[in-house]
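# Topology and contacts: notes
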Amino acid sequence: MLTTTQTNKPGKASHTPDNVSIKPQRMGFEFGEQVPRYWVDNNYLISHTMNALSVLFPEGEQFFVDSVRAFRDQIQDKKLKEDVRGFIGQEAMHSLEHIAMNQHVRDQGMPVEEMERDLKVILDVARKLPKRHQLAITCALEHITAMMADMLLERDDIREDMHESMRPLWVWHAIEETEHKAVAYDVFLQAGGTYTERAFYQVFSTVALGIVGTWYTGRMALKDRSHFSVKDAAKGMWRMWGKNGAFSSLIPTWLEYFKPGFHPWGKDNSELIGRFKEQIQDYIAPQYKNGNRRTLQ
Ligand SMILES: [Fe+2]
Ligand SMILES: [Fe+2]
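The following paragraphs examine the structure supplied in this document. (Residues numbered from 1 in each chain as written. Chains lettered and ligands numbered in written order. Predicted model: local features only at pLDDT ≥ 70, side-chain atom pairs only at ≥ 80, totals over all residues. Heavy atoms only, no water.)

## Quick word on the packing of helix 1 (residues 44–69) against helix 6 (residues 167–179)
- Running from amino to carboxyl end, helix 1 crosses helix 6 at an angle of 45°, the nearest separation of the two axes being 14 Å. Accordingly, the angle class assigned to the pair helix 1 and helix 6 is oblique. Like other packed secondary-structure pairs, helix 1 and helix 6 cross with a definite hand, here left-handed. Between helix 1 and helix 6, the residues in contact are Met50, Leu53, Ser54, Phe57 and Glu61 and Trp170, His173 and Glu177, respectively.
- Tallied by class, residues from the contact of helix 1 with helix 6 come to 4 nonpolar, 2 polar and 2 charged. (Axes fitted to C-alpha atoms, helices over the stretch in contact; angles between N-to-C directions. Helix = DSSP H or I, 4+ residues; strand = E, 2+ residues; numbered from the N terminus. Parallel < 35°, antiparallel > 145°, perpendicular 65-115°, else oblique. Left-handed = near helix turned anticlockwise from the far one by under 90°. Contact = heavy atoms within 4.5 Å. Nonpolar A, V, L, I, M, F, W, Y, C, P; charged D, E, K, R; others polar.)

Shown next, in the form of structure tokens:
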């Protein structure tokens with residue numbers, strides 16, 4: 001049974017550690033012939049799953065931004081205001097970089113435009129919910145992206161499965177998702193969000209993501225069915241959902257969200273940011289180096 005315990009901690013609005021700065025950075029990734037069609041572990045199913053995930057990002061991140069922006073004027077705390085500014089800028093950059101990747105996926109004959117159009121219809125339905133419920137959806141999905149980001153940075157095997165032409169995009173995205181993992185949540189607490197809302201919308205959002213993610217992966221796989229092989233699909237399923245699989249291993253972290261005192265920074269993994277941030281600098285396109293940051297607000 002869900003309770004209505006409020007998890008807001010008085011006195012502190014931003015819980016992002018002081019050693020973490022949330023700054024947007026345009027990367028200018030390019031995707032071309034250097035990217036193999038099956039860029040994750042040379043596997044048909046996992047590659048289509050990750051391509052489907054990428055298609056969800058631009059529209060999905062716009063939803064995240066809008067849901068946080070709706071509460072921007074109510075935030076008094078200077079630090080949290082800064083966090084929100086960084087969050088909006090970072091998500092805007094993620095959308096731009098994933099649009100470039102999605103264009104590449106579209107060039108391979110995948111029905112990306114139709115999928116984006118359908119996602120917009122789904123999100124427009126979600127936009128009819130009360131603003132704070134939309135923010136609860138964002139908090140839920142930010143928890144899911146944060147735990148995937150943590151896994152990607154933590155597990156060498158998962159990163160090494162990605163082709164080197166694709167890995168920097170996902171590592172960069174994972175770093176920034178870690179940096180801003182608590183921003184929507186801190187805004188939700190300031191907005192008086194309740195335990196019931198966030199717990200309900202975690203279940204709701206996970207089910208919705210599961211359905212849309214499976215549907216979208218299926219659409220890609222169907223379009224590419226001439227390359228389907230049972231062995232490849234079975235191996236992909238095992239790598240994602242088997243023992244220590246990329247997704248199955250995240251279940252305990254997903255459940256953490258239901259603890260009444262949960263906070264995204266309850267687990268301080270800021271060390272991972274430092275470990276990877278330096279490496280990723282090498283992948284910034286020349287026109288975006290030297291602090292040439294573009295922030296969309
Ligand atoms: Fe993002
Ligand atoms: Fe995010």
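## Notes on the coordination of the iron ion (ligand 1)
- Protein coordination at the iron ion (ligand 1): the donors are Glu61 (OE), Glu91 (OE), His94 (ND1), His173 (NE2) and Glu177 (OE), at 2.0 to 2.3 Å from the metal.
- In primary-sequence terms, the residues that donate to the iron ion (ligand 1) follow E-x29-E-x2-H-x78-H-x3-E.
- Between the iron ion (ligand 1) and the iron ion (ligand 2), the interatomic distance is 3.8 Å, and Glu91 donates to each metal, bridging them. With Glu91 and His94 both in helix 2 (residues 78–107), this residue pair falls 3 residues apart, about one helical turn. Accessibility assignment for this pair places Glu91 and His94 in one class, buried. (Donors = N, O, S within 2.8 Å, 3.2 Å for Na, K, Ca; no water. Buried < 20%, exposed > 50% of the residue type's maximum accessible area, 1.4 Å probe, protein only.)

## What to know about the coordination of the iron ion (ligand 2)
- All of the protein donors around the iron ion (ligand 2) are Glu91 (OE), Glu142 (OE), Glu142 (OE), Glu177 (OE), Glu177 (OE) and His180 (NE2); their distances to the metal are 2.0 to 2.7 Å.
- Metal-centred angles of 53 to 152° between the 6 donor atoms at the iron ion (ligand 2) mark the site as irregular. (Tetrahedral: all angles 85-135°; square planar, octahedral: opposite > 155°, others 65-115°.)

## What to know about the pattern of salt bridges
- For the structure shown, the criterion picks out 19 salt bridges.
- Here Glu97 makes a salt bridge to Arg26, at a shortest N to O gap of 2.8 Å. Pair noted here: Glu97 is in helix 2 and Arg26 is in the segment before helix 1, with a separation of 71 residues, a long-range link.
- Note that Lys259 is salt-bridged to Glu256, the shortest N-O span being 3.2 Å.
- For Lys259, a relative accessible area of 46% translates into the label partly exposed. (Salt bridge = Lys/Arg side-chain N within 4 Å of Asp/Glu carboxyl O.)

## Let's talk about unusual backbone geometry
- The phi dihedral of Asn42 is positive, around 55°, even though this residue is not glycine.
- With respect to the helices and strands, the residue Asn42 is situated in the segment before helix 1.
- Even without being a glycine, Asn244 presents a positive backbone phi close to 60°.
- As for its position among the elements, Asn244 is in the loop between helix 9 (230–241) and helix 10 (251–256).
- Asn244 sits in the exposed class, given a relative accessible area of 54%.

Fair warning: the whole summary comes from geometry, so function is off the table for now.
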